[in-house]
Amino acid sequence: MEPQDTAVLSEGRCAMRGSCGPKVIFGKPLPCPYDGPPSEDDVDRDLLTTLCGAEYAQGPTCCTTNQLETLRDNLGLAENLISSCPACRNNFRKFWCSFTCSPDQGSYLNITDTQTSSTGETAVKSVDFFVSEQFGTGFYDSCKDIKMGATNGYVMDLLGGGAKEYHGFLKFMGEEKDMGSPFQINFPYTPPPEYTSLNVSARNCYDNALGSRCTCIDCLDVCETLPEIPPPNAEPTCQVGLVSCLTFALLLAYGLAVLSFALGYGLQVTLRRRREKSYERVALATDSASERIASPRTHNRGLVGASSLAQYLDGEDSTATQSESRRLGRGASLLDPIETVQPRHYRLNSILRRAFYKLGIFAATYPWLNFAFVFALFGLLNLGWKRFEIETDPVRLWVAPDSQSKIQKEFFDEHFGPFYRVEQVFVTAVSSDDNSSSADKPSVLSWDHLKFWADVEEDIRNLESTPNGYTLSDVCLKLAGPDGFCVVQSVMAWFGNDLSDYDEDTWEDRLENCAETPVNCLPDFQQPLAPQMVLGSVPEDEDGVKQYSDAKALVITYVVPDSLDKAVQGIAMEWEYALRDYLQKLDERAPAEAGLQIAWSTGISLEEEINKSTNTDIKIVVLSYVAMFFYVAFTLGNGAATRDDEGLWSNLVQWATNLLKLFGQPSASSTLSLDSRLAPSLLPRLPRALFVGSKFTLGLFGIALVILSVSSSVGLFSGLGVKVTLIIAEVIPFLVLAVGVDNVFILVHELDRQNLLHGPNAGGGSAGPAWAYGDAYSYGHTTPMSPTTQQSRARSGFGSQERDIEHDHEQEISVDAGSTPQYLSAEERVARTLAKMGPSILLSTVTETTAFALGALVPMPAVRNFALYAAGSVFLNAVLQVTVFVSALVVDLRRVEASRVDCFPCVRLPPRIALLEAPTGGSGLGFLARFIRKRYAPFLLKPVVKGVVLLGFSGILVASIISIQHIRLGFDQRLAFPSESYLIPYFDSIDAYLDIGPPVYFVVHDVDVAHRPGQQELCGRFTTCEARSIANLLEAERKRPDVSYISQPAASWIDDFFNWLDPIKDKCCRVRKADHDVFCDPGESPRRCQICYENHEPPWNITMDGLPEGDEFMLYLRQWLISPTTDDCPLSGKASFGNALALSADGTDVVASHFRTFHRPLKSQADLINAFAAAQRVADDLARETGASVFPYSLHYVFFDQFAHIVAITQQILGLGLAAVLLVTALLLGSWRTGTIVTGVVALTVITVMGVMGVWGIDLNAISLVNLVISLGIAVEFCAHVARAFMSAGSGLPVDHPAGQKERDERMWIALVDVGPSVLSGITFTKLIGMCVLALTRSKFLEIFYFRMWLSLIISGALHGLVLLPVVLSLAGGSGFPQQEADEEWMSHAIRNDYEYTPFLADDDSAISD
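As a further point, take the pattern of salt bridges. Two side chains of opposite charge can pair, provided their charged atoms sit close to one another. By the definition in use, this model includes 47 salt bridges. Ionic pairing is found between Lys147 and Glu1035, a salt bridge with its closest N-O pair at 3.2 Å. Of this pair, Lys147 sits in strand β5 (residues 147-148) while Glu1035 sits in helix α32 (residues 1030-1038), placing them 888 residues apart in sequence. Accessibility classification places Lys147 together with Glu1035 in one group, the buried group.

Below you can see the structure in the form of structure tokens.
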């Protein structure tokens, strides 16, 4: 039952009746004051009952036919907007019928003023209308949620000026204005005593009565409430206080671990002290005669680590072993080789060493042939430069070709046209403080500022492009068609783009009025401009009322259509270039001329700025290479054995000493001296270390190989069609330089060791003990030997060569054929160098190349191409280093041994004359090597230190995992621009001032909208629409913006289309009376036309029974899409929905359509990512509920698609990378145990880098993901050499042997001394130099994603590789493999000569060297 009106219609009194002419000619008629009884005269009763209902079917009224006609026209305009909600429509009619015709009108209307109309009659000027709060509130509530799809807003914005309560709604309707009431209607809250308030029952939109019930779209109380779901990417709900449950558990576990360690260590110390006291008491009671003295010549020959077995031997042998161990040093007592198994061998290791040895022999023997062959091959690779191309399109750079969002964007562009090209300007006032935030900015609005900006906008409207002279009118969006006005969203539109009608005293009132009721200030393109579209950062007072005149920014937007047609797009771009040039000049002059700052962007700006040449970073690249060159040049030669007197300072001292002799009396001793250094001379001798021993040329050659590898990689992949990006040009030179120089150091350092052992100056005390280097070819101390006395040039590094060991308990040196060092040729030494270090280089190169190549799994082209180019560069650089650089090594070695000057090999220094060469100073060890051997390695391998290290790195792991939880997803596009780009302040202004979110379109296809089931899946304003239709679900999602990120009502084209057909809207759909297949134009005479659905069977109704289907549907739809939107018919589709539907080529089918809405303001990367995720979830829900295919589209989605999968991709790629590292390391090291440890340490390194990301503001995106993969590869390099040295120093002792721990400590000590200096100077320091130069870059992109991440990686890699890895390997490393080529020789010599095998881990005081 419909609610019955209880008002009694009886003889009463009128306040006004009849029409007394308009205020001005062609204006709306004004009512006449009338203080008398109602009348039945001059009343069109049919029209009255049609408009006001059956209650007016009889009885006197206070209105006439003229008034009814005016009422009909006014109601018709309103009902174009509100007819979809019966409750609002009926309340609206009741309200105005009571105001105009009610016989009791005089009881609640009071004429307060009159005026003379244009016809000379007295007419109403103002009236008080007393309305009860009950009816006013019900009236407002029934209308407040009615949507206006064309504007993604509410009808209340037009009918009520955006009112938030009933009195504001009534006040707006009563205001005298051209598009509203022709006279002023006031609505006092309380009536005078002689009046009463209109207090009739208002219909509710949720009532079940047919005349009241509204649909979900227009009445939220009817809508289904969707179940609560968490926002996208919500934080974990499990919390313990302020931290997550995971963080709490980690902290608790770590705290318990620290406590356990402290208690365990304290208990161990206490027990050891008690045992020591007990031992002292027992020792005092022991008879000294029972002590047995061990024989110094006990034959306990065997494997390294036998000293650790002493406690397991019985009787005299045990005591003798302990005594001899104390005398000779740790590890000196050995197992009998006859009684133990021979050391294990690893066949792959032997194969690799033999292969690298052969490669080294070839490269060293035929260097120039090698140069020619390799450089010719690389020259062919560089031919690919002919196909060199640079990718500049941002979408093709940063979006995967098979990205779902990219495919959807292409679908959208093809069917609906590309998104608009936005030309946008933010205008703010200049602040006195340059560092002030946006919140501290002064208000931008003032009369002077408005006048200045009015002139600017006029300039832009008249701006002509070059060379074709296009203007804004030629390129802008015109909603009304080619003859319409440009859509320019600016505060000046509120002033009609002309300030001549305003002055310094009136502009502010106009602005406040327009901001509060935009419908009163329609721009020339006739779409209301909400204040959030043109004003930025509007403050509020204490009551929450916005102070529009104090806005911090003006927002000006020129909307330009885009096109897939390159010619049409070219026209827009040509004008945009002119606009860009104008704004650049304006940016320079505005602060001085008007005290204004602008931040701006044009349609061409994004691509142009992303691809702007970053020439400022060329200097950084050059500086990096120069710094690396000097470091390499000055460092490479430091490892070579030189005499103390070959340096610059020693030469000057010797020269000064000899100079005195030149002027003194010659002595016999001086004249007979054969030492050329003692001969006096007028000029000092050239220091050999500086001029001969330097490696400037070799270092320059190594860096040239890095450049060649990058060039060849570019040529290779360019030839394969892989385009270059600016990231490749900016980053790969740094990456390959930092990675590629490492092997140069490793090879040169190893060659220096070979020279010490087998070079011309190899000597007894000079060469240093072999255990300091882990060398395979000399296991004892050597004595000098002239190269002229040994002409044997063994071509095999794996043949039998005599290496006897000198040693006895009295430290006497016995020299025999076996103890004399064998001189090897330069070629042999270089070949042995590559044979030893080649497998390590192979290990690091394979893992690095594999890791980099895994980066190609990231689908973004810019990142994928970078990974491919980087992998190619690293691999090619390694190839060059094991081929041509080896040849360069032998050429340089020949130069040094021929005393030729570096850089000037034609200059040769004269050889020294000496009867006997004194031993070269020192041990041949540099500072780092001495520090590691004497200080670092012994300290690190102490049990307590191991525990502290494990505990410390466990803490780092815990901290990293906690930090990883705070890594943010995103890629701030400001980082992709040069630091001086004008787009950076533009995007800053968007975050600070723009208070409206981007539009989002829900595209629907694969649904038959021409027939009822498909229509019901889409619509929302008819009673038979599906409860979970597209329109209804979008409205339900709008009610929870925190989850859906949707803030505005959706524009439902199908609802507006069907309402356009409503015969009540007699100015909308009309056809010719003579031919119903011909539609009438909007201005065509009513006599020739009739309403489309007039007399239609079945008639139009809200149950959809009479609505068109099939061909009739498409006929009306095609007309609706081309019908212009007017005041008489705002539901026409041309302006609002002209691009919302894609019809088939023949126009007989709807291929796709979209429902437009808006996101809430998105201020951060997290907001953008979450909005994308929310839209995807909403689209999936729509598709599941309706069966249609639905996807969301917004301009930024294509760039944020990666973040929907970035976490899973990260896990997948890092997992694959670690699996590859495990496979490669286990295979090449010959131990799954050691390979697992190395892989674990690499994983911890990457986790630490990720932990740094969380605290150093590095977001997770495709770029940082590739850097993590690169981190995985480079981390292996820090570990590979140490791990391989550890495995190569093995004795073959089983892991679970009682002496296994001692043996592993000894092997790790050897490994650290062997490769530790190379890892530090050749890997860590080179990378630090290459990366630290990046700190000077002005590109935030390079600083954040490369300098910060790689610096973290280098420090983390060095710490894990040189601190944690040695500790873990010493505790749990796999059984090692001795250098195979020495095994048979060692065994035979040890048995034949009855010598003890020299300890691997000797005490400092037992070593002859150092």
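Picking up after the structure, the text goes on.
Moving on to the packing of aromatic side chains. As enumerated under the stated definition, the model contains 49 aromatic pairs in all. Each ring, one from Phe95 and one from Phe135, has its centre 6.4 Å from the other, and the planes form 10°; the classification is stacked. Of the two residues, Phe95 is situated in helix α3 (residues 86-100) and Phe135 in helix α4 (residues 133-143); the sequence distance between them amounts to 40 residues. For Phe135, a relative accessible area of 1% translates into the label buried. A ring pair is formed by Phe362 and Tyr366, whose centres lie 5.7 Å apart and whose planes are at 50°; its orientation type is tilted. Relative accessible area serves as the criterion here: at 36%, Phe362 is assigned to the partly exposed category. Taken together through their ring pairs, the aromatic side chains of Phe92, Phe95, Trp96, Phe99, Tyr108, Phe129, Phe135, Phe139, Tyr140, Phe169, Phe183 and Phe187 make up a single cluster.

The subject of this paragraph is the nonpolar core. Membership of the largest hydrophobic core comes to 223 residues, with the highest contact counts inside it found for Trp494 and Leu535. With 19 residues, the single largest contributor to this core is helix α41 (residues 1262-1288). When sequence neighbours within four positions are dropped, the list of residues in contact with Leu535 reads Leu445, Val491, Trp494, Tyr548, Ala551, Ala553, Leu554, Val555, Tyr993 and Asp995. By size, the runner-up hydrophobic cluster in this structure holds 62 residues, among which are Leu47, Phe139, Leu170 and Tyr195.

Glycine aside, residues mostly have negative phi angles, and peptide bonds mostly take the trans form. Of note, the amide linkage connecting Thr466 to Pro467 takes the cis form, showing an omega dihedral of 10°. Locating Pro467 in the fold gives a position in the loop between α13 (447-461) and α14 (472-475). Along the chain, Glu1097 connects to Pro1098 via a cis peptide bond; the corresponding omega equals -10°. One non-glycine residue, Gln526, lies in the positive phi region at around 65°. Position of Gln526 among the secondary structure elements: in the loop between α15 (507-516) and α16 (531-534). Of the residues examined, Gln526 reaches a relative accessible area of 43% and is grouped as partly exposed.

What follows concerns the pairing of strand β4 (residues 122-129). Burial runs high along β4: six of the eight residues are buried. In this structure, strand β3 (residues 109-116) lies alongside β4, joined through seven bridges in antiparallel fashion. By the bridge assignment for β4, Leu109 is matched with Phe129. Where β3 folds back on β4, the antiparallel hairpin that results is connected by five residues, among which Gly120 adopts a positive phi of roughly 85°. Bridging between β4 and strand β7 (residues 184-186) involves three bridges; their strand directions are parallel. Following the sheet pairing, Asp128 is matched in β7 by Asn186.

Let us look at the pairing of strand β17 (residues 999-1005). Across the seven residues that make up β17, a large majority, seven, are buried. What you see with β17 is no split at all: Pro999, Tyr1001, Val1003 and His1005 on one side and Val1000, Phe1002 and Val1004 on the other are buried throughout. Here β17 runs beside strand β21 (residues 1150-1158); their pairing, made up of seven bridges, is antiparallel. Its bridge partner lying in β21, Val1003 is registered against His1154. Of the strand pairs in this sheet, β17 and strand β22 (residues 1189-1193) are connected by five bridges, and their pairing is antiparallel. When the bridges of β22 are listed, Tyr1001 appears paired with Tyr1193.

Another aspect to go through is the state of the cysteines. Considering all chains together, one arrives at 14 disulfides under this definition. With a sulfur-sulfur separation of 1.9 Å, Cys514 is cross-linked through a disulfide to Cys521. Here Cys514 and Cys521 share a disulfide; its torsion about the S-S bond, -85°, makes the bridge left-handed. For the pair formed by Cys514 and Cys521, the shared burial category is buried. Each sulfur in the disulfide pair Cys1019 and Cys1025 lies 1.9 Å from the other. Taking the torsion about the sulfur-sulfur bond, which here is approximately -120°, the covalent link between Cys1019 and Cys1025 counts as left-handed. Both residues of the pair, Cys1019 and Cys1025, count as buried.

Before going further, it helps to examine the sheet that holds β22. The strand order β20-β21-β17-β22 describes an open sheet built from four strands, whose pairing is antiparallel. Taken across any chain shown, the strands that pair with only one partner, and hence form the sheet edges, are β20 (1141-1143) and β22. Here the strands of the sheet are splayed against their neighbours by 15° on average, with no regard to which way each runs.

Here we take up a negative patch on the surface. Taken together, the side chains of Asp455, Glu458, Asp459, Asp498 and Asp501 make up a negatively charged region of the molecular surface. By secondary structure assignment, the location of Asp459 is in helix α13.

With respect to the secondary-structure elements, Phe885 resides in helix α27 (residues 884-897). For the pair Phe885 and Asn370, spaced 515 residues apart in sequence, the C-alpha separation works out to 9.9 Å. Excluding residues that lie within four positions of it along the chain, Phe885 makes contacts with Leu698, Phe701, Gly702, Leu705, Val744, Leu747, Val748 and Leu880.

We now examine a positive patch on the surface. Positive charge collects at one region of the surface, where Arg272, Arg273, Arg274, Arg275 and Lys277 lie side by side. Within the secondary structure, Lys277 sits in helix α7 (residues 245-284).

This part takes up the sheet that holds β7. Strand order in this open sheet of three strands is β3-β4-β7, and the pairing throughout is mixed. Of all strands in the sheet, those with a lone pairing partner are β3 and β7, marking the two edges. The average angle at which neighbouring strand axes cross in this sheet is 25°, direction not considered. α3 rests against β3, β4 and β7 of the sheet, and its axis sits at about 130° to β4.

Quick look at the packing of α32 against helix α37 (residues 1165-1186) now. Running from amino to carboxyl end, α32 crosses α37 at an angle of 145°, the nearest separation of the two axes being 10 Å. Here α32 and α37 pass one another in a crossing that is right-handed. Here Ile1030, Leu1033, Leu1034 and Glu1037 of α32 come into contact with α37, specifically with Arg1177, Val1178, Asp1181, Leu1182, Glu1185 and Thr1186. Classifying every residue of the contact of α32 with α37 by side-chain character gives five nonpolar, one polar and four charged.

What counts, and where the lines are drawn
Residues numbered from 1 in each chain as written. Predicted model: local features only at pLDDT ≥ 70, side-chain atom pairs only at ≥ 80, totals over all residues. Heavy atoms only, no water. Salt bridge = Lys/Arg side-chain N within 4 Å of Asp/Glu carboxyl O. Helix = DSSP H or I, 4+ residues; strand = E, 2+ residues; numbered from the N terminus. Buried < 20%, exposed > 50% of the residue type's maximum accessible area, 1.4 Å probe, protein only. Phe/Tyr/Trp six-rings, centres within 6.5 Å; stacked < 30°, edge-to-face > 60°. Core = buried A, V, L, I, M, F, W, Y, C linked by side-chain atoms within 4.5 Å. Contact = heavy atoms within 4.5 Å. Pairing = 2+ DSSP bridges. Disulfide = S-S within 2.5 Å. Axes fitted to C-alpha atoms, helices over the stretch in contact; angles between N-to-C directions. Patch = residues over 30% accessible without salt bridge, like charges linked within 9 Å, V, L, I, M, F, W, Y side chains within 5 Å. Areas by Shrake-Rupley, 256 points an atom, 1.4 Å probe, with all protein chains shown as cover. Lys, Arg positive; Asp, Glu negative; His and termini not counted. Charge placed at Lys NZ, Arg CZ, Asp CG, Glu CD. Left-handed = near helix turned anticlockwise from the far one by under 90°. Nonpolar A, V, L, I, M, F, W, Y, C, P; charged D, E, K, R; others polar.

The analysis is restricted to geometry; functional conclusions fall outside its scope.
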